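Survey of secondary and tertiary structure
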Amino acid sequence: MQKEVVDSMAMKRALTRITYEIIEQNKGIRDIVLVGVKTRGVYIAQRIAERLQQLESSTVPVGELDITPFRDDQPLDIALAPGKYQLAFPVADKRVILVDDVLFTGRTIRAALDALMGGGRPQSISLAVLVDRGHRELPIRADFIGKNIPTAMQERIKVSVTEVDGHDGIEIINDN
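Residues numbered from 1 in each chain as written. Predicted model: local features only at pLDDT ≥ 70, side-chain atom pairs only at ≥ 80, totals over all residues. Heavy atoms only, no water.

Looking up the protein in an unreviewed UniProt entry gives the name Bifunctional protein PyrR, with the organism given as Lactiplantibacillus songbeiensis. Heading Catalytic activity (unreviewed entry) of the UniProt record for the protein holds this comment: "UMP + diphosphate = 5-phospho-alpha-D-ribose 1-diphosphate + uracil". On record in UniProt, under Subunit (unreviewed entry), the comment for the protein is "Homodimer and homohexamer; in equilibrium." (UniProt positions renumbered as here; feature names shortened; annotations may be inferred.)

Before going further, it helps to spend a moment on the UniProt feature "short sequence motif: PRPP-binding" (unreviewed entry) in the protein. Residues annotated in UniProt with the feature "short sequence motif: PRPP-binding" (unreviewed entry) correspond here to residues 96-108. Within the segment residues 96-108, helix and strand shares are 15% and 62% respectively, and the terminal C-alpha atoms sit 16 Å apart. (Helix = DSSP H or I, 4+ residues; strand = E, 2+ residues; numbered from the N terminus.)

Let us look at helix α4 (residues 107-116). Within α4, the full set of buried residues consists of Ile109, Ala111, Ala112, Ala115 and Leu116. The buried residues of α4 occupy an angular sector of 160° when projected down its axis, which confines them to one face. (Buried < 20%, exposed > 50% of the residue type's maximum accessible area, 1.4 Å probe, protein only. Arc of directions from axis to C-beta.)

Turning to the sheet that holds strand β2 (residues 32-37), a few remarks are in order. Spatially, β3-β2-β4-β5-β6 is the arrangement adopted by the 5 strands of the open sheet, whose pairing is parallel. Of all strands in the sheet, those with a lone pairing partner are β3 (62-65) and β6 (144-148), marking the two edges. The mean angle between the axes of side-by-side strands here comes to 25°, regardless of whether they run parallel or antiparallel. By the bridge criterion, 5 bridges tie β2 to strand β4 (residues 95-103) in an arrangement that is parallel. Looking at β4, one finds that Val35 is bridged to Leu98. Lying on the sheet, helix α1 (residues 8-26) is in contact with β2, β4, β5 (124-132) and β6; it crosses β6 at an angle near 150°. Contacting β2, β3, β4 and β5, helix α2 (residues 40-56) runs over the sheet at an angle of about 155° to β2. (Pairing = 2+ DSSP bridges. Axes fitted to C-alpha atoms, helices over the stretch in contact; angles between N-to-C directions. Contact = heavy atoms within 4.5 Å.)

Next up on the list: the side chain of Arg95. With respect to the helices, strands and loops of the structure, Arg95 is situated in strand β4. Although Arg95 is buried, it makes no salt bridge; Asp31 carries the closest opposite charge, 5.3 Å away. (Lys, Arg positive; Asp, Glu negative; His and termini not counted. Salt bridge = Lys/Arg side-chain N within 4 Å of Asp/Glu carboxyl O.)

Another aspect to go through is the packing of α1 against α2. Relative orientation of the contacting elements α1 and α2 amounts to 60°, with a least axis distance of 9 Å. Comparing their axes, α2 and α1 come out oblique. Considering only the axes of α1 and α2, their crossing is right-handed. Within the contact between the two elements, α1 uses Met11, Leu15, Thr16, Ile18, Thr19, Tyr20, Ile22 and Ile23 and α2 uses Ile44, Arg47, Ile48, Arg51, Leu52, Leu55 and Glu56. Of the residues contributing to the contact of α1 with α2, the split by class is 10 nonpolar, 2 polar and 3 charged. (Parallel < 35°, antiparallel > 145°, perpendicular 65-115°, else oblique. Left-handed = near helix turned anticlockwise from the far one by under 90°. Nonpolar A, V, L, I, M, F, W, Y, C, P; charged D, E, K, R; others polar.)

With that out of the way, let us pick up the sheet that holds strand β1 (residues 2-6). Backbone hydrogen bonds hold the strands of a sheet together, and the pairing may be parallel or antiparallel. Within the open sheet, the 3 strands sit side by side as β1-β8-β7. Their pairing is antiparallel. Edge positions in the sheet fall to β1 and β7 (155-160), since each has one partner strand and no second. Within this sheet the neighbouring strands show an average axis-to-axis angle of 30°, counted without direction. Note that β1 and strand β8 (residues 169-174) share 4 bridges and pair antiparallel. Paired with Lys3 across the bridge in β8 is Ile172. Most of the contacts of α1 go to β1, to which it runs at about 45°, and overall it touches β1, β7 and β8.

One pass over the structure, following the stated rule, counts 0 aromatic pairs. Of note, Arg133 hangs over the ring of Phe104, and the distance from its end group to the ring centre comes to 3.8 Å. (Phe/Tyr/Trp six-rings, centres within 6.5 Å; stacked < 30°, edge-to-face > 60°. Lys NZ or Arg CZ within 6 Å of the ring centre and 35° of its normal.)

A general feature of soluble globular proteins is that nonpolar side chains tend to end up buried together. Counting 30 residues, the largest nonpolar core has Leu34, Ile48, Leu130, Val159 and Ile170 as its most contacted members. Of all elements in the fold, only α1, β2, α2, β4, β5, β7 and β8 reach the threshold of two or more residues within this core. Among residues more than four places away in sequence, those in contact with Ile48 are Leu15, Ile18, Thr19, Ile22, Leu34 and Val99. Of all hydrophobic cores here, the second largest spans 21 residues; its members include Val37, Leu65, Leu87 and Phe89. (Core = buried A, V, L, I, M, F, W, Y, C linked by side-chain atoms within 4.5 Å.)

What follows is the structure, encoded as structure tokens:
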């Protein structure tokens, strides 16, 4: 069973709210870089960057992060493979905004933090997520949240973005 809980317009409003909060909390966008966690986090980061450009008339770099080699649920030969730094820009002395679509257990973000550290020591790292669904297993919280959507463990959140799925929206899927 699927139920749409956020349509494209509500999703756009949530991303706009995140964008304004980033500007306010950082007192502008100086030294900010956005890093999207593949796949949908990258598109969300690009949208936030576009909105930042419109509001602040300045370009913010956007990077893509593949956290696969850093996940703790991968076979050991993959998980222990030396990860190489993936971003086209260093994060040293930057205010990094890590962007993902859904925050669930926190394990994806832990892996993303490990992947980021190869680019030097950032000034700070903040987390922006479109959806926080709860059920944390690690002490990780988002600084910028589009929507809090409490879920049961047997439910899943599906974020759709036009660039991948042909439309924008957020659904709760019950696998029972």
